[in-house]
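# Coordinate inspection notes
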Amino acid sequence: MRRFSKPVIISTLIVFLVMLLASIEPLDWSNYLLHQAGTLLFLAMILAMYRYWHISSKAYVLATIFLLIHIIGARYLYSYVPYDDWTQQLFNIELSTLFGWQRNMYDRLVHFSYGLLLFSAMYESLSYLLNIKSVKSLIVITLMLNMSTSLLYELFEWGIASTLSPEDAEAYNGQQGDMWDAHKDMALALVGGIITAGITLFNSSKALTTPTKLS
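Residues numbered from 1 in each chain as written. Predicted model: local features only at pLDDT ≥ 70, side-chain atom pairs only at ≥ 80, totals over all residues. Heavy atoms only, no water.

Attention now goes to a nonpolar patch on the surface. Together, Ile 72, Trp 86, Leu 90, Phe 91, Ile 93, Leu 98 and Phe 99 give the surface a local cluster of nonpolar side chains, amounting to about 730 Å² of exposed area. A total of 3 residues in the nonpolar patch trace back to one element, the largest contributor, which is helix 4 (residues 83-91). Judged by relative accessible area, Ile 93 falls into the partly exposed class, the value being 34%. (Patch = residues over 30% accessible without salt bridge, like charges linked within 9 Å, V, L, I, M, F, W, Y side chains within 5 Å. Areas by Shrake-Rupley, 256 points an atom, 1.4 Å probe, with all protein chains shown as cover. Salt bridge = Lys/Arg side-chain N within 4 Å of Asp/Glu carboxyl O. Helix = DSSP H or I, 4+ residues; strand = E, 2+ residues; numbered from the N terminus. Buried < 20%, exposed > 50% of the residue type's maximum accessible area, 1.4 Å probe, protein only.)

Shown next as structure tokens:
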């Protein structure tokens, strides 16, 4: 059975540490715990992908970075992440003022990161399971998985919200009054995936054109 590498162990410990710190007086315990239940489920899934589907340590670490971004968002219910306060203290600027944002954009970052940071884990898992040799075909299938899982998440989120009070549903969804919120989230996940797909295609093409040195 495959052993866990040092980067995998360290990144997993960091996830648990950040979860512990984020659990200190979150804005709303019930919604926070609901989000973090998903965190633990997702962590277990990528651990299984690393051990049994042989995704690389790099893909695993990128997936845990996504989890860290999610955990911070869960602590502040996504809609209340005080990034303006952070950038004001560090750089004396407010991102919302700089870009003219009328809403908290942290949830957009999370969905964009979903595509950007999880593409590698999806790609390598599909490569192992489907045994597809064509890089281009595998990239297309991975982007399709990106889109379908984004859709399923939005449907799952809608289902959870339908069981909550209107106030709790708004807090959990982080829609902030935007009727196109789900569509924009899915689009950003796809954009993130396309960026990493482009990098993957470039690296594979570069590897094919680089001459092998004779020993």
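A separate point is unusual backbone geometry. Positive phi, close to 50 degrees, is recorded for Glu 25, a residue that is not glycine. Looking at the secondary structure, you find Glu 25 in the loop between helix 1 (6-22) and helix 2 (29-52). Classification of Glu 25 by relative accessible area gives exposed; the value is 66%.

Its location among the elements puts Ser 5 in the segment before helix 1. Judged by relative accessible area, Ser 5 falls into the buried class, the value being 19%. Once residues lying within four places of it in the same chain are set aside, the contact partners of Ser 5 are Tyr 50 and Ser 57. (Contact = heavy atoms within 4.5 Å.)

So, about the packing of aromatic side chains. Counted by the stated rule, this structure contains 9 aromatic pairs. Plain terms: the ring middles of Phe 66 and Tyr 114 are 5.8 Å apart, the flat faces sit at 70 degrees to each other, and that makes the pair edge-to-face. Taken together, the residues Phe 66 in helix 3 (residues 57-75) and Tyr 114 in helix 6 (residues 106-130) connect sequence positions 48 residues apart. For the residue pair Phe 66 and Tyr 114, the accessibility class agrees, reading buried in each case. Summarising the aromatic geometry, the rings of Tyr 83 and Trp 101 are spaced 6.0 Å apart at their centres and angled 85 degrees between planes, so their arrangement reads as edge-to-face. Here the residue Tyr 83 occupies a position in helix 4, and Trp 101 occupies one in the loop between helix 5 (95-99) and helix 6, the gap between them amounting to 18 residues. Given a relative accessible area of 29%, Trp 101 falls into the partly exposed group. By way of ring pairs, the aromatic residues Phe 4, Tyr 50 and Tyr 60 are connected into one cluster. Lying across the ring of Tyr 76, Arg 75 places its NZ or CZ 5.0 Å from the centre. (Phe/Tyr/Trp six-rings, centres within 6.5 Å; stacked < 30°, edge-to-face > 60°. Lys NZ or Arg CZ within 6 Å of the ring centre and 35° of its normal.)

Note that Ser 120 resides in helix 6. Not counting the four nearest positions on each side in its chain, Ser 120 is found in contact with Ala 59, Leu 62 and Thr 196.

Turning next to the nonpolar core. Ile 46, Ile 55, Tyr 60, Phe 66, Tyr 106 and Leu 118 are the most contacted members of the largest nonpolar core, which has 31 residues in total. Among the secondary structure elements, those contributing two or more residues to this core are helix 1, helix 2, helix 3 and helix 6. Counting residues per element, this core draws most heavily on helix 3, which supplies 8 residues. In this structure, Tyr 123, Leu 126, Ile 139 and Ala 197 belong to the second largest nonpolar core, which totals 7 residues. (Core = buried A, V, L, I, M, F, W, Y, C linked by side-chain atoms within 4.5 Å.)

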